[in-house]
Amino acid sequence: MNQPPGSSNCASFQSSAEKPFLKALAGGTCSPPPIWLMRQAGRYLPEYKATRAKARSFLDFCLTPELAIEATLQPIRRFGFDAAILFSDIMIVPHALGQKVWFEEGRGPCLEPVRSTQDMRDLSLESFQDVAAPVYEIARGIKAQLDPQTAFIGFAGAPWTVACYMVEGSGSRDYAKVKGWAYGDPEGFQALIDLVTEATVVYLEAQIAAGAEALQLFDSWAGALPPAEMRRWCLLPARRIVERLKERHPDVPVILFPRGAGLTYRDFAFESGADAVSLDSTLPLAWARDELQSRVAVQGNLDPIYLVAGGEALKRATLEVLEALAGGPFVFNLGSGIVPAARPEYVAQLVELVRGWRP
Ligand code: CP3
């Protein structure tokens, strides 16, 4: 059977007109599987750099509808991915809670750190929705422009990862300050996690109202914690967020990305209530297939650096992922975000490989 380019045929739902990405998250098997890439909008694209240059700051970029809508659509136009992800950043939540947030070239996010319950006094949900309002306008604008095959993903940082930045004040090598607070004063730190959890629910519900059809929760620094702490600060808040979202939006799938969780990925798959887990590149494919895919859809997990290398290496690694995981509910993605050194022609090669794949 001939298929138009850019479309997947989903075994379990052949007669349905649903989007392949949503079918996979609902437990369907698609051949070829749907594909999108974390950080698919970004500095590896010349058109992104041109749009970025029009904004005064990265935060302004994220809150200016015309620019953020354009950045979201650029990778869809160029590569025809199965899903568009809201162009934004996980730092919008601390910003809308009233924390001072800015971005420095080459350093990433910088925040006036919150290191104690006392420091939390200036944070609140009071102005949250007003400050975040442009994000919802951006989401509505994107939704209005996407073609009917392309799904629209909203997202937020998971409470632990957002708290890492809120407490450290920037990225960190050892997370000594945030872990020191969490281990030394768990009740105090719980108040910060609870506040971010509440903000995240409000934020994601508003993204759904603005048109998001699926949500991803990025817990990029889950792997900084040992298992018992990972359960308390990553798994339990994620479960709480999923529970709250499912109360009012049972049909909106949630993807969890507990990067670096190792064997604890199994607990996230079985206990969080999420519809899918996004796998980092360190996970053995056969383990992910045998231990996780029977319970949830899986997404991932090509090392993004294959998009720097290209050629035969990219082909071999891509086929390995497909052969291991595409026999069940699966969304092709990377194990973490695209890096600025990735080459657009290798991204095109990847999309072609995935779309050409048959079992
Ligand atoms: O995936 C997408 O295309 C949507 C956009 C998106 C961005 N950040 C845009 C961005 C998403 C989903 C994020 C999530 C995010 N932001 C995470 C979780 C995922 C991950 O990568 O682990 C984290 C930890 C952040 C915080 C953050 N924002 C960092 C550490 C940085 C600096 C990194 C860098 O590449 O410079 C940012 C800035 C940022 N967020 C950029 C983009 C495109 C680059 C900024 C620029 O263009 O100057």
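Below you will find a few notes about this structure. In this text, all values refer to a predicted model and were calculated from it rather than measured experimentally.

Parameters at a glance
- Residues numbered from 1 in each chain as written.
- Predicted model: local features only at pLDDT ≥ 70, side-chain atom pairs only at ≥ 80, totals over all residues.
- Heavy atoms only, no water.
- Near = heavy atom within 4 Å.
- Polar contact = N/O pair within 3.5 Å; in protein donor to acceptor, adjacent residues only side chain to side chain.
- Areas by Shrake-Rupley, 256 points an atom, 1.4 Å probe, with all protein chains shown as cover.
- Helix = DSSP H or I, 4+ residues; strand = E, 2+ residues; numbered from the N terminus.
- Nonpolar A, V, L, I, M, F, W, Y, C, P; charged D, E, K, R; others polar.
- Salt bridge = Lys/Arg side-chain N within 4 Å of Asp/Glu carboxyl O.
- Buried < 20%, exposed > 50% of the residue type's maximum accessible area, 1.4 Å probe, protein only.
- Pairing = 2+ DSSP bridges.
- Axes fitted to C-alpha atoms, helices over the stretch in contact; angles between N-to-C directions.
- Contact = heavy atoms within 4.5 Å.
- Core = buried A, V, L, I, M, F, W, Y, C linked by side-chain atoms within 4.5 Å.
- Phe/Tyr/Trp six-rings, centres within 6.5 Å; stacked < 30°, edge-to-face > 60°.
- Lys NZ or Arg CZ within 6 Å of the ring centre and 35° of its normal.

1. Side note on the site of the ligand
Around the ligand, 23 residues are found, and the nearest of them are Arg 39, Arg 43, Tyr 48, Asp 89 and Ser 220. Arg 39 has a polar backbone atom sitting 2.6 Å from an oxygen atom of the ligand. In the model, an oxygen atom of the ligand is placed 3.1 Å from a nitrogen or oxygen of the Arg 52 side chain. The protein chains hide 86% of the 870 Å² of surface that the ligand would expose on its own. Listed by contribution, the elements that provide at least two residues to the shell around the ligand are α2 (46-52) and β5 (108-111). Looking at the shell around the ligand, its residues break down into 14 nonpolar, four polar and five charged.

2. Considerations on the pattern of salt bridges
Oppositely charged side chains can form a pair if their charged atoms are brought close together. A full pass over the atoms with the stated rule returns 15 salt bridges. Where Arg 248 meets Glu 205, a salt bridge forms, and the shortest distance between an N and an O atom there is 3.7 Å. With Arg 248 in helix α10 (residues 227-248) and Glu 205 in helix α9 (residues 186-209), this residue pair connects regions lying 43 residues apart in the sequence. Using a relative accessible area of 61% as the deciding quantity, one classes Arg 248 as exposed. For Glu 205, a relative accessible area of 14% translates into the label buried. Each member of the salt-bridge network shares a partner with another, and the members are Arg 231, Asp 267 and Glu 271.

3. Comments concerning unusual backbone geometry
Omega for the bond connecting Ser 31 with Pro 32 falls within 30 degrees of zero, at -5°, which places this linkage in the cis form. Its location among the elements puts Pro 32 in the loop between β2 (30-31) and α2. In this model, Gly 300 is joined to Asn 301 through a cis peptide bond whose omega is -20°. Position of Asn 301 relative to the elements: it lies in strand β10 (residues 297-302). Phi is positive for Arg 39, which is not a glycine, with a value near 60°. Mapping Arg 39 onto the fold places it in the loop between β2 and α2. Exposure remark for Arg 39: the relative accessible area of 55% places this residue in the exposed category.

4. Things to note about the sheet that holds strand β8 (residues 254-258)
In space, the seven strands of this open sheet follow the order β3-β6-β7-β8-β9-β10-β11, with parallel pairing throughout. For this open sheet the edge positions go to β3 (83-85) and β11 (330-334), each flanked by a neighbour on one side alone. Adjacent strand axes in the sheet meet at a mean angle of 25°, parallel and antiparallel pairs treated alike. Packed onto the sheet, α9 meets β6 (151-157) and β7 (214-219) and runs at close to 165° relative to β6.

5. Notes on the nonpolar core
One finds Phe 21, Phe 189, Leu 192, Val 277, Leu 292 and Leu 307 to be the most contacted residues of the largest nonpolar core, which totals 138 residues. Excluding residues that lie within four positions of it along the chain, Leu 292 makes contacts with Tyr 265, Arg 266, Ala 269, Val 277, Leu 279, Leu 283, Trp 287 and Val 298.

6. Examining the pairing of β11
Remember that side chains alternate between the two faces of the sheet whenever the strand is regular. Of all five residues making up β11, five are buried, and the element is well covered by its neighbours. Across five bridges, β10 lies against β11 in parallel orientation. Along β11, the bridge assignment pairs Gln 299 with Val 331.

7. What about the side chain of Gln 299?
When you line up the elements, Gln 299 lands in strand β10. Using a relative accessible area of 0% as the deciding quantity, one classes Gln 299 as buried. Only 3.0 Å separates the side chain of Gln 299 from the side chain of Trp 36, close enough to count as a polar contact. A polar contact of 3.0 Å, which involves the side chain of Gln 299, links it to the side chain of Gln 216. Gln 299 has contacts with Phe 21, Trp 36, Gln 216, Ile 255, Val 277, Ser 278, Leu 279, Val 331 and Asn 333, leaving out every residue within four places of it along the chain.

8. A look at the packing of aromatic side chains
With the rule as written, the count across this model stands at 16 aromatic pairs. Aromatic pair Tyr 48 and Phe 61: ring centres 5.5 Å apart, planes at 45°, arrangement tilted. Of the two residues, Tyr 48 sits in helix α2 while Phe 61 sits in helix α3 (residues 58-63), which places them 13 residues apart along the sequence. Residue Phe 61 is classed as buried on the basis of its relative accessible area of 0%. Linked through ring pairs, Tyr 48, Phe 58, Phe 61, Phe 87 and Phe 103 together constitute an aromatic cluster. Note that Lys 100 overlies the ring of Trp 102, its terminal NZ or CZ placed 4.6 Å from the centroid. One residue, Arg 266, lies across the ring of Phe 270, its end atom 4.4 Å from the ring centre.

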